[in-house]
Amino acid sequence: MSEHKIKVTVWNEFRHEKENDKVKAIYPEGMHVAIGEMLKNEGDFEVTYATLDDPEHGLTQEVLDNTDVLFWWGHGHHGDVKDEIVDRVQKRILAGMGLIVLHSGHKSKIFMRMLGTTANLKWREKGEKERIWVIEHSHPIAKGLPDHFELPHTEMYGERFDIPKPDDVVFITWYEGGEVFRSGVTFTRGNGKIFYFAPGHESFPIYYDPNIQKVLVNAAKWAAATINRDSGCPMVDPLEEIKSSK
Ligand code: ZN
């Protein structure tokens, strides 16, 4: 356990768990709590929860200023996220906060805002097997993982995934039905690090899988803010005397 804990805020729509009995049975307190408790048990993290139906979606300026890395799980209610909150989160990412976007968060306003593309993909919900291949073993997010690991039942997300070229493709997934997908990709925007990780469909117990948990822990450590700096766009005086000035 390190002395300085990484401040994580786990954001979740937290509606599927209330509306769907199958999801509720897997995540009785919500996916955000399953992820957050796992991170707390790991020892290096201080965890805050925020959900869509909290005032300001739980993402007040104070919460964001005290967040090193924000997890985002959204699915059916992206449109209910207020644009002013998306503006606020974007500003904080550009200043240095990390963002980890999970599963259906690919269509969240904040992810599309940060990427500038549609993030569209192919999908299928048959509960098929998924094999995740580690592409960059030296990447901090892949630390301690085997060459590949499997999830017995997942939702298929297939290429082409409409994202800009990532900084790193850490994972590529193969699905039983034949598709492939860049399931773990990183981006840098301003001072902020972004990681998208595809597994996490709500009706399967994916966030209890030890390899998936390892990815989330590694990603939180990798993406955690090292600075909070909005450099602005200042006019500056020269450092040296300018002799050619007219
Ligand atoms: Zn899903």
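Only a predicted model underlies this, so the values are computations on that prediction, with no experimental measurement involved. (Residues numbered from 1 in each chain as written. Predicted model: local features only at pLDDT ≥ 70, side-chain atom pairs only at ≥ 80, totals over all residues. Heavy atoms only, no water.)

(A) Summary view of the overall build of the protein. Within the protein one finds 7 helices and 9 strands. Reported as C-alpha extents along the three principal axes, the dimensions of the protein are approximately 70 × 40 × 40 Å. Put simply, the protein has 246 residues, and 51% of those count as buried. Put simply, 71% of the contacts in the protein that link residues at least 6 apart link residues at least 24 apart. For the protein, the accessible area works out to roughly 11,800 Å², and carbon and sulfur atoms hold 50% of it. Positive and negative side-chain charges of the protein, numbering 30 and 39 respectively, have mean locations separated by a distance of 4 Å. (Helix = DSSP H or I, 4+ residues; strand = E, 2+ residues; numbered from the N terminus. Buried < 20%, exposed > 50% of the residue type's maximum accessible area, 1.4 Å probe, protein only. Contact = heavy atoms within 4.5 Å. Areas by Shrake-Rupley, 256 points an atom, 1.4 Å probe, with all protein chains shown as cover. Lys, Arg positive; Asp, Glu negative; His and termini not counted. Charge placed at Lys NZ, Arg CZ, Asp CG, Glu CD.)

(B) Molecular detail of unusual backbone geometry. Cis geometry is found at the peptide bond from Glu159 to Arg160, where omega equals 10 degrees. Counting through the fold element by element, Arg160 comes out in the loop between strand 6 (148-158) and strand 7 (168-175). Residues other than glycine seldom take positive phi values, yet His57 does so here, at roughly 55 degrees. Counting through the fold element by element, His57 comes out in the loop between strand 2 (45-51) and helix 4 (61-65). Overall, the relative accessible area of 5% leaves His57 in the buried class. In this model, His103 sits at a positive phi of 45 degrees, which is unusual for a non-glycine residue.

(C) Fine view of empty space enclosed by the protein. On inspection of all chains with the given rule, the structure shows 1 cavity of 30 Å³ or more. If you add up the space inside the largest cavity, you get close to 40 Å³. Lining of the largest cavity is provided by His103, Glu130, Thr154, Glu155, Tyr157, Tyr175, Ala198, Pro199, Gly200, His201 and Ile206. Ranked by residues supplied to the lining of the largest cavity, first place goes to strand 6 with 3 residues. Here the residues of the lining of the largest cavity sort into 5 nonpolar, 4 polar and 2 charged. (1 Å grid on protein atoms, 1.4 Å probe; cavity = no way out; pocket = protein on both sides within 12 Å on 5 of 7 lines; lining within 4 Å. Points joined across faces, edges and corners; volume = space filled by probe spheres on them. Nonpolar A, V, L, I, M, F, W, Y, C, P; charged D, E, K, R; others polar.)

(D) Summary view of the side chain of Ser104. As for its placement among the helices and strands, Ser104 is situated in the loop between strand 4 (98-102) and helix 6 (109-115). There is a polar contact of 3.4 Å between the side chain of Ser104 and the side chain of His75. Filtering out sequence-adjacent residues up to four positions away, Ser104 remains in contact with Gly74, His75, His78 and Tyr157. (Polar contact = N/O pair within 3.5 Å; in protein donor to acceptor, adjacent residues only side chain to side chain.)

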